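# Structural description and commentary
Listed below are the residues making up each chain.
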Protein chains: 2
Amino acid sequence: MTRASTPSSSSDSAPAAPVRRGRGRRPADEVRRDILSAAGTLLLNEGMASFTIERVAATAGVSKMSIYKWWPSKGALALDGYFNAVENTLAFPDTGDIEADLLTQLRAFVHLTVDTPAGRIVAELVGQAQTDPDLAAAFREHYSGPRRRLAVEVLERAQRRGQLRADADPRIVVDQLWGACYHRFLIPDEPVTEEFAAGLVTNLMRGLRP
Amino acid sequence: MTRASTPSSSSDSAPAAPVRRGRGRRPADEVRRDILSAAGTLLLNEGMASFTIERVAATAGVSKMSIYKWWPSKGALALDGYFNAVENTLAFPDTGDIEADLLTQLRAFVHLTVDTPAGRIVAELVGQAQTDPDLAAAFREHYSGPRRRLAVEVLERAQRRGQLRADADPRIVVDQLWGACYHRFLIPDEPVTEEFAAGLVTNLMRGLRP
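Notes on the structure follow. The shown structure was predicted, so the numbers you read here are calculated from the model rather than taken from an experiment.

### Some words on the overall build of chain A
From N to C terminus, chain A includes nine helices and zero strands. Reading chain A from its N terminus to its C terminus gives the helix and strand order α-α-α-α-α-α-α-α-α. By residue count, 51% of the 210 residues in chain A fall in the buried class. Counting only contacts in chain A whose residues sit at least 6 apart along the sequence, the fraction spanning at least 24 positions is 58%.

Written out as structure tokens, the structure is:
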């Protein structure tokens, strides 16, 4: 959906007037980055209720048209901005010890979703997505799909290192770690805590058999 | 929230006119059961969009007032009716082998949620609950709370039999089995299948360490 991000192919200007730095036009990459950053900040600070294309455009200093060049809808922009904003916080460490790395990442995930508006925002987006097919598609394309792929890569790397059983399906492990957290966000019968994150990893690594 | 269900304490009539079978008035227990049954059938056949107190009252042959005696809202009645309708299908077998029992129950859960409208209904209820606190409270009280308690009892029984590690928290196991399924219903990046159910149980029982 998004345009290629190499400078040569993502020029913001007409073919006859190539982008030149210092001549008042920002390179397309930079514009795109500014839009994403404005979208992520607005979303995390004020939530989905006050999120509009107009406000993102004003904050990023671009036209609404520039935004629509890359994002087909408000939902797609919000999700991309959210993904961009939380990407560093939710990065997967790679110390070579999968159990420690999973715990570190899950703790960061719990912190982000419990101690910032991020958890509430994602829960509301998932909620709306149940009756809004466009939002559901945008959510999967711009957020859950990429996050899921990153997690699977980390787990497959650990399988190649011999730290996880080769016959376990990493896609199912994703549902039993991060999916279990979503379950508690969306149906809050029990709290999401650091102890919960630790229990998820221990149960799954060690198994429940005595 | 619900009245006691012993016949002597749940009379539908005024104190001066005690309920007598065969005199045109049904015992309160029977009325309550008919309402629940009508609610569950209507919900599973037609979904939440056409679910109204009026229609349940007409099907069960009772007044709307009778329904409001027991259920404060449409959401509470829908969830109680749903719980009642799926209770047998989602019963936990107890053969004495926890791994086999979990697999049997999860397969029934997958079948119900994938092959009937039940999965879509629950996903929409969870979706709406994200922005409707009354529905969220009703969902937890009438559906997810009771289901969770049933699952925890089954797991604790297996712990007492020595089939599950005594130091594993059964509440977390619930999120790693049924919660993992909810994750796929609500964010359908991957399908919910029998193989998925089997993988959930194997990963968790055996553990991921080689």
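### Observations regarding the interface of chain A and chain B
How large an interface is tends to be reported as the accessible area lost when its parts come together. Taken together, the 49 residues of chain A in the interface contact 49 residues of chain B. At the boundary of chain A with chain B, total buried surface from both sides reaches about 4,600 Å², with 55% on carbon and sulfur atoms. Looking at the side of chain A facing chain B, the largest losses of area belong to Gln 130, Arg 165 and Leu 208 of chain A, adding up to 18% of the total buried there. A salt bridge links Arg 148 of chain A to Asp 189 of chain B; the shortest N-O distance between them is 3.8 Å.

### A word on the packing of helix 6 (residues 118–129) of chain B against helix 7 (residues 133–160) of chain B
Residues and elements named next belong to chain B. Between helix 6 and helix 7, the least distance of the axes is 7 Å, while the angle of their chain directions is 130°. Put simply, helix 6 runs oblique to helix 7. The residues of helix 7 that touch helix 6, namely those facing Val 122, Leu 125, Val 126, Gln 128 and Ala 129, are Leu 135, Ala 136 and Phe 139. Taken together, the residues that form the contact of helix 6 with helix 7 break down as seven nonpolar, one polar and no charged.

### So, the relation of the copies chain A and chain B
Rotating chain A by 180° about the axis while translating it 0.0 Å along that axis superimposes it on chain B, leaving an RMSD of 0.0 Å. Seen this way, the second copy is the image of the first under a two-fold rotation axis. Most of the interface of chain A is mirrored in chain B, where 100% of its interface residues are also at the interface.

### So, the pattern of salt bridges
Residue and element names in this part refer to chain A. All told, the structure shown has 30 salt bridges over all chains when counted by the stated rule. Two residues, Arg 120 and Glu 124, come together in a salt bridge whose shortest N-O distance is 3.9 Å. Remark: Glu 124 and Arg 120 occur in helix 6 (residues 118–129); sequence separation between them is four residues, near one turn of the helix. Given a relative accessible area of 39%, Arg 120 falls into the partly exposed group.

Cut-offs used in this document
Along each chain, residue indices are assigned from 1 in the same order as the chain's sequence is written. Numbering of ligands from 1 and lettering of chains from A proceed in the order in which they are written. Reporting of local features is limited, given that this is a predicted model, to residues whose pLDDT is at least 70; pairs of side-chain atoms are given and counted only at 80 or more, and all residues count toward the totals for whole chains, interfaces and linings. Each side-chain value is derived from all of the structure's non-hydrogen atoms; neither hydrogens nor water enter the calculation. Going along the chain from the N terminus, every DSSP run of H or I of four or more residues is numbered as a helix, and every run of E of two or more is numbered as a strand. Relative accessibility decides the category of a residue: with a 1.4 Å probe and only protein chains considered, values under 20% of the type maximum give buried, values over 50% give exposed, and everything between is partly exposed. In what follows, a contact means two residues having at least one pair of non-hydrogen atoms within 4.5 Å. Joining two parts hides part of their accessible area as seen by a 1.4 Å probe, and the buried area is that hidden amount summed over both. Should a side-chain nitrogen of Lys or Arg be within 4 Å of a carboxyl oxygen of Asp or Glu, the pair is scored as a salt bridge. Between N-to-C directions, angles cover 0 to 180 degrees, with each direction set by a line fitted to C-alpha atoms, over the stretch in contact for helices. Every angle not falling under 35 degrees, over 145, or within 65 to 115 is termed oblique; those three ranges are roughly parallel, roughly antiparallel and roughly perpendicular. Residue polarity is assigned by list, with Asp, Glu, Lys and Arg as charged and Ala, Val, Leu, Ile, Met, Phe, Trp, Tyr, Cys and Pro as nonpolar; anything else, Gly included, falls into the polar class. In superposing the copies, a least-squares fit is computed on C-alpha atoms, taking residues whose pLDDT is at least 70 in both.

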